[in-house]
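Here are the chains, one letter per residue:
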Amino acid sequence: MSDAPALRLSGRAKIGAAPIFGPLSLRAPAGEWTCLLGPSGVGKSTVLRLFAGLGDGIAFDGEAVAEDGVRLDGRVALMGQSDLLMPWLDATANVTLGARLRGTSPGRDRAREILGRVGLSEHADKRPHALSGGQRQRVALARTLMEDRPVVLLDEPFSALDARSRAQMQDLATELLAGRTVLHVTHDAAEAARLGQTILLMTRAGIASFPPPEASTPRLYDAPGTLAFQGRLLRLLMDTR
Ligand SMILES: Nc1ncnc2c1ncn2[C@@H]1O[C@H](COP(=O)(O)OP(=O)(O)OP(=O)(O)O)[C@@H](O)[C@H]1O
Ligand SMILES: [Mg+2]
């Protein structure tokens, strides 16, 4: 996508009197896939919320912007850490919700196609209560892919999936989000080693960047270079609090 901008955040954040993070400086390159790792509670979801314009309640002293100088409003799709599906809507209606809220054509055929790609053709008419946790997460992924935005923020998008569907969804997301600016929060070193073109580790001390293997993404999960990098990342995470 030619209009996918680089993202930049710098500043410090508090909720009430409690410091969340900062001073912090983070950059996600334009049109690339960036993985953001770091211990629980360090502020990763807060970073995504700030880029998504959902920073109500966060006292943020700094900027979370697109480097092309154009506002991020309307250019971002966020897949949150919880699925946030509407319980009274079936899977298809959840996937088309964004368009219907905006009053544009819901694109049902495209929704069905994406639900098929996430392996849920047979579940398209079910409401969330009738789906498993991993199926709900795939509906939320489908909804995010449906949004077709140049900037995509993914907060632990594959955390509820078994190993096989996780690898399949990673492949699908890599394919469908190629050329977009993706900022992907994950706790999974193997996932970051497969998908990240930039790898950022967020700690209380700030952000550190670790160059991934040169192989193109999605990398083979069992290639020596992927495994070695995964091990290195895991060791870093073990040493981080
Ligand atoms: N609504 C809130 N009110 C008060 N504190 C909050 C609120 N939301 C988040 N926090 C605090 O902000 C900090 C950062 O939260 P955030 O959700 O960004 O962490 P995270 O890095 O995404 O963690 P995890 O890996 O567990 O998802 C945490 O210490 C959390 O307790
Ligand atoms: Mg989080």
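Predicted, not measured: the structure shown is a model, and the values here were computed from it.

### Quick look at the coordination of the magnesium ion (ligand 2)
For a metal with four donors in a tetrahedral arrangement, the ideal angle between donors is 109.5 degrees, while six donors in an octahedron ideally sit at 90 or 180 degrees.
Link 1 in the chain: Surrounding the magnesium ion (ligand 2) are the protein donor atoms S45 (OG) and Q81 (OE1), at 2.0 to 2.3 Å. Taken together, the residues span a long stretch of sequence, with S45 in helix α1 (residues 44-51) and Q81 in the loop between β5 (76-79) and α2 (91-95) at a distance of 36 residues.
Link 2 in the chain: A relative accessible area of 48% places Q81 in the partly exposed class.

### Some remarks on the side chain of T240
Link 1 in the chain: Position of T240 relative to the elements: it lies in the segment after α8 (224-238).
Link 2 in the chain: A polar atom in the side chain of T240 sits 2.5 Å from the backbone oxygen of L236.
Link 3 in the chain: In contact with T240, not counting residues within four places along its chain, are P39, L201 and T203.

### A look at the pattern of salt bridges
Link 1 in the chain: If you walk through the whole model with that rule in mind, you get 14 salt bridges.
Link 2 in the chain: Between E63 and R8 there is a salt bridge; the shortest N-O distance is 2.7 Å. Of this pair, E63 sits in strand β4 (residues 59-66) while R8 sits in strand β1 (residues 7-15), and the two are 55 residues apart along the sequence.
Link 3 in the chain: Its relative accessible area of 34% is what places E63 among the partly exposed residues.
Link 4 in the chain: In this structure, D171 and R194 form a salt bridge, with 2.9 Å as the shortest nitrogen-oxygen distance. In this pair, D171 is assigned in helix α6 (residues 163-176) and R194 in helix α7 (residues 189-195), connecting sequence segments 23 residues apart.
Link 5 in the chain: Among the residues examined, R194 registers a relative accessible area of 8% and is labelled buried.
Link 6 in the chain: Connected through shared salt-bridge partners, R8, R27, E63 and E67 make up one network.

### Some details on α8
Link 1 in the chain: Here α8 is 15 residues long and its end C-alpha atoms lie 21 Å apart, about the 21 Å a rise of 1.5 Å per residue gives.
Link 2 in the chain: Among all positions of α8, only T226, F229, L233 and L237 are buried. Buried residues of α8, seen end-on, are gathered within an arc of 80° and therefore sit on one face of the element. In this structure, α8 carries P224, A228, R235 and M238 as exposed residues pointing more than 90 degrees from its buried face.

### Looking at the pairing of strand β6 (residues 151-155)
On a regular strand, each side chain points to the face opposite its neighbour's, so the side chains alternate between the two faces of the sheet.
Link 1 in the chain: In terms of residue burial, β6 counts as a mostly covered element, since 5 of its 5 residues are buried.
Link 2 in the chain: Here β6 shows two buried faces, one formed by V151, L153 and D155 and the other by V152 and L154.
Link 3 in the chain: Bridge count for β5 against β6 is 4 bridges, and the pairing is parallel. Note that in β6 the partner of V76 across the bridge is V151.
Link 4 in the chain: Regarding topology, α6 serves as the crossover connection from β6 to the parallel strand β7 (residues 181-185), and that connection is right-handed.

### Brief notes about the domain arrangement of the protein
Link 1 in the chain: What the domain assignment reports for the protein is domain 1 (7-75 + 149-238) and domain 2 (86-148).
Link 2 in the chain: Each of domain 1 and domain 2 was reduced to a C-alpha centroid, and the two centroids are 24 Å apart.
Link 3 in the chain: The partner domain 2 presents 12 residues to the 16 residues of domain 1 that form the contact.
Link 4 in the chain: Here domain 1 packs against domain 2, burying approximately 1,200 Å² in sum over the two surfaces, 62% of which is carbon and sulfur.
Link 5 in the chain: Of all residues in domain 1, R149, M169 and L172 bury the most surface against domain 2, accounting for 40% of the area lost on that side.

### Overview of the sheet that holds strand β8 (residues 198-203)
Link 1 in the chain: Across the sheet, which stays open at both edges, the 6 strands sit in the order β5-β6-β7-β3-β8-β9 with mixed pairing between neighbours. Two strands lie at the open edges of the sheet, namely β5 and β9 (206-209), each paired on one side alone. Each adjacent strand pair in this sheet contributes to an overall mean axis angle of 20°, direction not counted.
Link 2 in the chain: Where strand β3 (residues 33-37) meets β8, 4 bridges bridge the pair, whose relative direction is parallel. Note on β8: the bridge partner recorded for T34 is T198.
Link 3 in the chain: Where helix α5 (residues 133-146) meets the sheet, it contacts β5 and β6, and its direction lies at approximately 175° from that of β5.
Link 4 in the chain: Together, β3 and β8 form the strand contacts of α8, whose direction differs from that of β8 by roughly 10°.

How each quantity is defined
- Each chain has its residues counted from 1, following the order in which its sequence is written.
- Each chain is given a letter, starting from A, and each ligand a number, starting from 1, according to the order in which they appear as written.
- Local features in this predicted model are restricted to residues whose pLDDT is 70 or higher, and side-chain atom pairs enter the listing and the counts only when it is 80 or higher, whereas totals over whole chains, interfaces and linings include all residues.
- Heavy atoms from the whole structure form the basis of all side-chain values; hydrogens and water molecules are not counted.
- Distances define the donors: N, O and S atoms within 2.8 Å of the metal qualify, as do those within 3.2 Å of Na, K or Ca. Water is excluded, so some sites may look unfinished.
- In this text, helices come from DSSP runs of H or I with a minimum length of four residues, and strands from runs of E with a minimum of two, each type numbered from the N-terminal end.
- Burial classification: accessible surface area is computed with a 1.4 Å probe over protein chains only, and a residue below 20% of its type maximum counts as buried, one above 50% as exposed, and the rest as partly exposed.
- Polar contact is defined as a pair of N or O atoms within 3.5 Å, subject to the rule that within protein one atom must be able to donate a hydrogen and the other to accept it, and that residues adjacent in sequence are counted only when both atoms are side-chain atoms.
- Whether two residues are in contact is decided by their heavy atoms: any pair within 4.5 Å suffices.
- Any carboxyl oxygen of Asp or Glu that lies within 4 Å of a side-chain nitrogen of Lys or Arg is treated as forming a salt bridge with it.
- In this analysis, the expected span of each helix is defined as 1.5 Å times one less than the number of residues it contains.
- This arc corresponds to the set of directions leading from the helix axis out to the C-beta atoms.
- DSSP calls a pair of strands paired once it identifies at least 2 bridges connecting them.
- When the strands point away from the viewer and the path from the first strand over the helix to the second turns clockwise, the crossover is right-handed.
- Domain delimitation follows an automatic or database domain assignment.
- Two parts placed together each lose some accessible area under a 1.4 Å probe, and adding up what both lose gives the buried area.
- What counts as an axis is a line fitted to C-alpha atoms, over the stretch in contact for a helix, and the angles between N-to-C directions run from 0 to 180 degrees.

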